[in-house]
Amino acid sequence: MTAEQQPEERPDDAAPAPSGGTLARRSPTPAASAPRRAWDNLWDYVAHGGHLADTRRLPRLPILHGEGYTVWRYDPLVTPDPQRAPLLLVPPLGAPDFAFDLRRGASLVEDLLAGGREVYVVTYASTGPSAGRRGLELWVDEILPASLFAVAARHDEAAVHLVGWSLGGLFALLTAASDVSGAPIRSVTAFASPVDVSAVPLVAPFRSVAEYTGGRIFSAAYRTLGSFPATAVKWAFQLTSVERYLTKPVTLLTHLDDRELLEQIEAVDLLMASMSAYPGRAFGQIYHHVIRENDLADDDLRLAGRPVRLAAVRVPVLLVAGADDVIAPVAAVERATELLTGSPDLRFVVRPGGHLGVLAGRRARENSWRDLETFLAAHDGT
C-alpha cells in the first residue's frame, strides 16, 4: 500500500441541456488577450440564454428496472475493448448521478468510454411509496448485487469493477464486504468516501447534539418528515464551500476570460440545484451508525442484524481522497486503510480538489482519473 500526496429512453433525472442546442463555441486561442477572451465569453453567455457549459448528458439506455432503481448502459464512444472489464458507477444518495458526467471536458464517464471501457451506472428513485422505508441494507444486499449481476450477464459473467463517490463509495465497499449475495466484484474504487467521521470537523456539532440528547432530536425530525429533505442536502453541500459561494460574484467578474472556470462553476451550480432527498430510514441509519456511533471507523457496523466489516473485503481497493475535501477529509478516508486488511491490493492516494473536485474537477483528468485508469488496468485480467 502506498500513499501519494499530491436515449430511446432517457433518464428522468437527466439535467437539462443548455438552451439552443449545441453551443457554438468561439474557443479563442490562448494567444488572444484577456479582454478579448472575456468579451467572447460574455457574448456566448448572452447568445445562449445564460449558458456556457455543455451539460448535455451522454446517451444511455436502461438494462434493468428494479423497485426504486435503474441500471443504465452508456452508449460506447469507440469500439469497446474486450480486454477491459465492465465498470459500474455508484452515486451517493442525495446527489445526482451526473456528477460522473458533469459536463463535456469534465466527465469521468466520457473519459472511460473514450478508453474503450463499457460503463454502467445505477440510479435511485428518491420518491415513491417505499422510498422512506429503504435502509442501507437494501443497497448492500439487493440493489448493488442485482446491478452487478445484470452487468456481468452482458459480459459472459465477468466480474465487474465498482466505482463509487462519497456515500456511493461506502456502498461499494460494504457490498464487497457482505457475504450475502456473492456479487461478481472485480475491484472497488471509492472517491471521497469518509470512513471515520470523527475526522470530519463539520460533523462535530451534530455528534455533540446527538450525545447530549441521546439522538432524539434528529430521530424525531427524520421520522416526522419521512426523509432528509432535498433542500437540506443542498444546504449541507453549500455549507462546505460557503466561502466559494460568498465570493462567487467576485470570482466571476475577475475571471471572465477563463472559459473553463466559468463552465465548471455553471455545471457545479446545476448539480447543486439537482440534489434530492435522503430516504428516511437510510438517513436514520447513517445518523445513528455512522455519525453518532462512528461504527464504520470501528469496523463494527451491523446491517439487518449481522456484522458487515471492511476487513472482509477480498478484492483490490483504490481509495482516493481530496486534498481540500471538508466533507471527507484525508484522515477520514485514510482510516479505511487500517481496516481493509483482507484486500490483496490496497492503494490510497491524495489528489487535488474538494469533495466533488477530486472526482470531476478541472485537475481530475491528470490526477485521480489516471490513478483509476492504472488501477483498473492492473486488475482487468484478474
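Residues numbered from 1 in each chain as written. Predicted model: local features only at pLDDT ≥ 70, side-chain atom pairs only at ≥ 80, totals over all residues. Heavy atoms only, no water.

Focus: the overall build of the protein chain
Inference 1: Secondary structure assignment for the protein chain yields 14 helices and 15 strands.
Inference 2: For the protein chain, with 382 residues in total, the buried portion stands at 54%.
Inference 3: Accessible surface for the protein chain amounts to roughly 16400 Å². Of this, 56% is attributable to carbon and sulfur atoms. (Helix = DSSP H or I, 4+ residues; strand = E, 2+ residues; numbered from the N terminus. Buried < 20%, exposed > 50% of the residue type's maximum accessible area, 1.4 Å probe, protein only. Areas by Shrake-Rupley, 256 points an atom, 1.4 Å probe, with all protein chains shown as cover.)

Overview of the pattern of salt bridges
Inference 1: Applying the stated rule across the entire model yields 17 salt bridges.
Inference 2: Several salt bridges share partner residues, and in doing so they unite Asp111, Arg365, Arg370 and Glu373 into one network. (Salt bridge = Lys/Arg side-chain N within 4 Å of Asp/Glu carboxyl O.)

Comments concerning the side chain of arginine 57
Inference 1: Inspection of the secondary structure assignment puts arginine 57 in the loop between helix H1 (34–47) and strand S2 (60–66).
Inference 2: Despite its burial, arginine 57 pairs with no opposite charge; the closest candidate is aspartate 101, at 4.7 Å N-O.
Inference 3: Here the side chain of arginine 57 touches aspartate 101 through a polar contact of 2.6 Å, landing on its backbone oxygen. (Lys, Arg positive; Asp, Glu negative; His and termini not counted. Polar contact = N/O pair within 3.5 Å; in protein donor to acceptor, adjacent residues only side chain to side chain.)

Some remarks on the environment of serine 187
Inference 1: Inspection of the secondary structure assignment puts serine 187 in strand S9 (residues 185–191).
Inference 2: Under the relative-accessibility criterion, serine 187 is labelled buried at 0%.
Inference 3: As for serine 187 and aspartate 345, which are separated by 158 residues in sequence, their C-alpha atoms are 9.3 Å apart.
Inference 4: With residues near it in sequence (within four places) discarded, serine 187 still touches Val160, His161, Leu162, Val315, Pro316, Phe375 and Leu376. (Contact = heavy atoms within 4.5 Å.)

Notes on unusual backbone geometry
Inference 1: Although it is not a glycine, aspartate 156 sits at a positive phi angle of roughly 55 degrees.
Inference 2: Its location among the elements puts aspartate 156 in the loop between helix H3 (136–153) and strand S8 (160–165).
Inference 3: Positive phi outside glycine occurs at asparagine 294, with the angle close to 55 degrees.
Inference 4: One can find asparagine 294 in the loop between helix H11 (280–292) and strand S12 (302–303).
Inference 5: On the basis of relative accessibility, which here comes to 7%, the residue asparagine 294 falls in the buried class.

Things to note about the confidence of the model for the protein chain
Inference 1: Averaged over all residues, the pLDDT of the protein chain equals 81, while 72% of them reach at least 70.
Inference 2: Under a pLDDT of 50 for its full length, residues 224–230 has, in the predicted model, 16 contacts with residues more than four places off or in other chains. (pLDDT = per-residue confidence, 0-100.)

Notes on H3
Inference 1: With 18 residues, H3 should cover 26 Å at 1.5 Å per step; its first-to-last C-alpha distance of 25 Å lies within 8% of that length.
Inference 2: Of all the bends found along H3, the most pronounced is centred on isoleucine 143 and spans about 30 degrees, while proline 145, a proline, follows it within four residues.
Inference 3: A large share of H3 lies buried, amounting to 14 of its 18 residues. (Expected span 1.5 Å × (residues − 1). Bend = angle between axes of the 7 residues up to and from the residue.)

A closer look at the side chain of arginine 73
Inference 1: Considering the arrangement of structural elements, one finds arginine 73 in strand S3 (residues 69–74).
Inference 2: A polar contact is formed between the side chain of arginine 73 and the side chain of glutamate 118, at a distance of 3.0 Å.
Inference 3: Non-local contacts of arginine 73, meaning those with residues more than four positions away in its chain, are made with Arg60, Leu61, Ile63, Glu118, Val119, Tyr120 and Arg154.

Some thoughts on the packing of aromatic side chains
Inference 1: Tallied over the entire structure, the rule returns two aromatic pairs.
Inference 2: Taking 5.6 Å as the distance between ring centres and 85 degrees as the angle between the ring planes, the aromatic pair formed by tyrosine 124 and tryptophan 139 counts as edge-to-face. Taken together, the residues span a long stretch of sequence, with tyrosine 124 in strand S7 (residues 119–124) and tryptophan 139 in helix H3 at a distance of 15 residues.
Inference 3: Residue classification places tyrosine 124 among the buried positions, given a relative accessible area of 17%.
Inference 4: Residue class for tryptophan 139 comes out buried when judged on its relative accessible area of 1%.
Inference 5: With a centroid separation of 5.5 Å and 15 degrees between ring planes, the pair formed by tryptophan 139 and phenylalanine 171 is classed as stacked. Note that tryptophan 139 is positioned in helix H3 and phenylalanine 171 in helix H4 (residues 167–177), a separation of 32 residues in sequence.
Inference 6: Owing to a relative accessible area of 1%, phenylalanine 171 belongs among the buried residues under this scheme. (Phe/Tyr/Trp six-rings, centres within 6.5 Å; stacked < 30°, edge-to-face > 60°.)

Describing the environment of alanine 95
Inference 1: Within the element layout of this structure, alanine 95 appears in the loop between strand S4 (87–90) and strand S5 (101–103).
Inference 2: Excluding anything up to four places from it in sequence, alanine 95 contacts Trp165 and Met275.

Things to note about the pairing of S7
Inference 1: Burial within S7 is extensive, with six of its six residues counted as buried.
Inference 2: Burial along S7 is two-sided: the residues Val119, Val121 and Thr123 and Tyr120, Val122 and Tyr124 are all buried.
Inference 3: For S3 and S7, the ladder comprises five bridges, and the chain directions are antiparallel. Its bridge partner being in S7, tyrosine 69 is matched across the sheet by tyrosine 124.
Inference 4: Here three bridges tie S4 to S7, and the two strands are oriented parallel to one another. For leucine 89, the partnering residue across the bridge sits in S7 and is valine 121. (Pairing = 2+ DSSP bridges.)

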